[in-house]
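Residue-level listing of the chains:
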Amino acid sequence: MKISSVTCPHCRAAYEIAESTSAVGAAGRFDCGVCGTPLSAWDEPKLRAFRLEVPPEHKYPRVPAPPSPA
Ligand SMILES: [Zn+2]
């Protein structure tokens, strides 16, 4: 199993890619699940799994302002 990662250049969503080195899959492609930008395409019969690591809306969390001291 090979693990790598890819970040969508458009919306900054981060994906983890798990690629099986033993199991045979199929040629395919992967588009960003958030904005649809093509992120990866392969012609070899590979088994790849993509997992969203960091949704873009969570990348820069909005921190609520601390309550002002009474
Ligand atoms: Zn995207």
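Residues numbered from 1 in each chain as written. Predicted model: local features only at pLDDT ≥ 70, side-chain atom pairs only at ≥ 80, totals over all residues. Heavy atoms only, no water.

Ranked by size, the top nonpolar core spans 10 residues in total: Val6, Cys8, Cys11, Ala13, Tyr15, Ile17, Phe30, Cys32, Leu39 and Trp42. Looking at this core, the elements that each hand over two or more residues are strand S2 (14-24) and strand S4 (38-42). (Core = buried A, V, L, I, M, F, W, Y, C linked by side-chain atoms within 4.5 Å. Buried < 20%, exposed > 50% of the residue type's maximum accessible area, 1.4 Å probe, protein only. Helix = DSSP H or I, 4+ residues; strand = E, 2+ residues; numbered from the N terminus.)

Attention now goes to the packing of aromatic side chains. One pass over the full model with this rule turns up three aromatic pairs. Here Tyr15 and Phe30 contribute two aromatic rings whose centre-to-centre distance is 5.0 Å and whose plane-to-plane angle is 75°, an arrangement assigned as edge-to-face. A residue pair is termed long-range when its members are at least 10 positions apart, and Tyr15 in strand S2 and Phe30 in strand S3 (residues 28-31) qualify at 15 residues. Across the pair, Phe30 and Tyr15 agree in class, each one buried. For the pair Trp42 and Phe50, a centre-to-centre distance of 5.9 Å together with 25° between the ring planes defines the contact as stacked. Taken together, Tyr15, Phe30, Trp42 and Phe50 form an aromatic cluster joined through their ring pairs. We note Arg48 situated over the ring of Trp42; from NZ or CZ to the ring centre the distance is 4.7 Å. (Phe/Tyr/Trp six-rings, centres within 6.5 Å; stacked < 30°, edge-to-face > 60°. Lys NZ or Arg CZ within 6 Å of the ring centre and 35° of its normal.)

Let us look at the pairing of S2. Sheet analysis places strand S1 (residues 2-7) next to S2, joined by six bridges and oriented antiparallel. Counterpart to Thr7 in the pairing with S2 is Ala14. Linkage of S1 to S2, two consecutive antiparallel strands, is achieved through a turn of six residues, within which Arg12 is found at a positive phi near 70°. Of the pairings in the sheet, the one linking S2 to strand S5 (residues 46-54) comprises eight bridges and is antiparallel in character. Of the residues in S5, the one forming a bridge with Val24 is Lys46. (Pairing = 2+ DSSP bridges.)

Ideal donor angles around a metal are set by the shape: a four-donor tetrahedron calls for 109.5 degrees, a six-donor octahedron for 90 or 180 degrees. Around the zinc ion, the protein supplies Cys8 (SG), Cys11 (SG), Cys32 (SG) and Cys35 (SG) as donor atoms, at distances of 2.3 to 2.4 Å. Classification of the site at the zinc ion rests on its four donor atoms, whose angles at the metal span 104 to 114°, yielding the label tetrahedral. Read in sequence order, the donor residues coordinating the zinc ion give the pattern C-x2-C-x20-C-x2-C. Placement of Cys11 in the loop between S1 and S2 and of Cys35 in the loop between S3 and S4 is noted, with a sequence separation of 24 residues between them. Exposure remark for Cys11: the relative accessible area of 15% places this residue in the buried category. (Donors = N, O, S within 2.8 Å, 3.2 Å for Na, K, Ca; no water. Tetrahedral: all angles 85-135°; square planar, octahedral: opposite > 155°, others 65-115°.)

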